[in-house]
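# Secondary and tertiary structure notes
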Amino acid sequence: MATYTLISSNVLSSTAGSVTFSAIPSSYTDLEVRFSGRTNDTSWAAYCWVTLNGATTNFSETALVGNGSTASSNRDSASSSWYQVRINGNNSTASTYGNASIYIPSYTASQNKPVSITSTNEGNSSTAGQIVMTATAALWSNTAAVTSITLDATTGGTLWMSGSSFYLYGISNA
Amino acid sequence: MPHKVIVDCSTGETTEVELTAQEIADQEAAHKAAEADRKAQEVIADAKATAKTALLDKLGITAEEATLLLS
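All values derive from a computational prediction rather than experimental measurement.

Conventions we followed
Residues numbered from 1 in each chain as written. Chains lettered and ligands numbered in written order. Predicted model: local features only at pLDDT ≥ 70, side-chain atom pairs only at ≥ 80, totals over all residues. Heavy atoms only, no water. Pairing = 2+ DSSP bridges. Helix = DSSP H or I, 4+ residues; strand = E, 2+ residues; numbered from the N terminus. Axes fitted to C-alpha atoms, helices over the stretch in contact; angles between N-to-C directions. Disulfide = S-S within 2.5 Å. Buried < 20%, exposed > 50% of the residue type's maximum accessible area, 1.4 Å probe, protein only. Contact = heavy atoms within 4.5 Å. Salt bridge = Lys/Arg side-chain N within 4 Å of Asp/Glu carboxyl O. Polar contact = N/O pair within 3.5 Å; in protein donor to acceptor, adjacent residues only side chain to side chain. Nonpolar A, V, L, I, M, F, W, Y, C, P; charged D, E, K, R; others polar.

This next bit is on the sheet that holds strand 12 (residues 165-172) of chain A. Residues and elements named next belong to chain A. Overall, antiparallel pairing links the eight strands, which are arranged 1-12-3-8-9-10-5-6 in an open sheet. The open sheet has two free edges, formed respectively by strand 1 (3-11) and strand 6 (71-79), since each of these has just one partner strand. Each adjacent strand pair in this sheet contributes to an overall mean axis angle of 15 degrees, direction not counted. Of the strand pairs in this sheet, strand 8 (residues 98-104) and strand 9 (residues 113-120) are connected by five bridges, and their pairing is antiparallel. By the bridge assignment for strand 9, I102 is matched with I117.

Below, the structure written as structure tokens:
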């Protein structure tokens, strides 16, 4: 029976460019990051960049992206990060936050790391195009154990806003 | 200068560190790539909408009638 254990969490009390979970223990089977985020980007659906171990190479992803008006399939290969992760920008309804899940199975195994990511911005909007959801099959072509996860709000001028919350869980299969 | 938050899972300590100029430059480059991707998706969506409208005009039916035909 799987058991979820909260490893660490952080709720921002002020803005930040990125949030990193470092020194992740190797004692679990899988990892999952769940977060609720809002950035000061001037959009409804902002982007979040995800990287592992501080790396900037060998990230690829296949993403389904829908916004209530159009749907698309995107393929990014050999990227510096995974970025088809959509959360709230600051044009969205005040005090609303998007949310996302990043599931990393067998994160200590000496093999490439397939990862599942789902995300959506929220905003009490009924207007097509303002709410975006993504489902992503991601891959980090690296055999190192995952020891850190960084969630980047995008540019130097774009920041996670206060109230954004981040949780890292370890999943044990016994 | 913006900062980054680092949560050390082994100690539970949270530290805040100022971003370096290189980190900010890297983020700017990533943001531009995302913007380009977003615009490319909008171009594709616009092209599909235009083609759909043209086809409906050619057939002489409305979008609702097309939906009914396909139901």
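So, on to the state of the cysteines. Within this structure, the stated rule accounts for zero disulfides over all chains. Here A:C48 is not cross-linked by a disulfide; its sulfur's nearest cysteine counterpart is in B:C9, at 16 Å. When its relative accessible area of 0% is taken as the criterion, A:C48 is described as buried. With relative accessibility at 11%, the residue B:C9 sits in the buried group.

Looking now at the interface of chain B and chain A. If you look at the interface, chain B gives 24 residues, while chain A gives 37 residues. For the interface between chain B and chain A, the tally reads zero salt bridges. Counting the contacts that link chain B with chain A gives seven residue pairs in polar contact (both at pLDDT 80 or more). Going through the elements one at a time, strand 1 (3-8), strand 2 (14-18) and helix 1 (21-59) of chain B are the ones with two or more residues in the side of chain B that touches chain A. In terms of residues, the side of chain B that touches chain A owes the most to one element, helix 1 of chain B, which gives twelve residues. Of the residues assigned to the side of chain B that touches chain A, the class counts are eleven nonpolar, six polar and seven charged. With five bridges connecting them, strand 2 (residues 18-22) of chain A and strand 1 of chain B associate as parallel partners. Residue pairing across strands places A:S18 opposite B:K4, the latter belonging to strand 1 of chain B.

All names here are of chain A. The element strand 12 is extensively covered by neighbouring structure, given that six of its eight residues are classed as buried. Where strand 1 and strand 12 come together, eight bridges link them in antiparallel fashion. For L6, the partnering residue across the bridge sits in strand 12 and is Y169. The pairing of strand 3 (residues 30-37) with strand 12 spans seven bridges and is antiparallel. Looking across to strand 12, one finds that F35 is bridged to F166.

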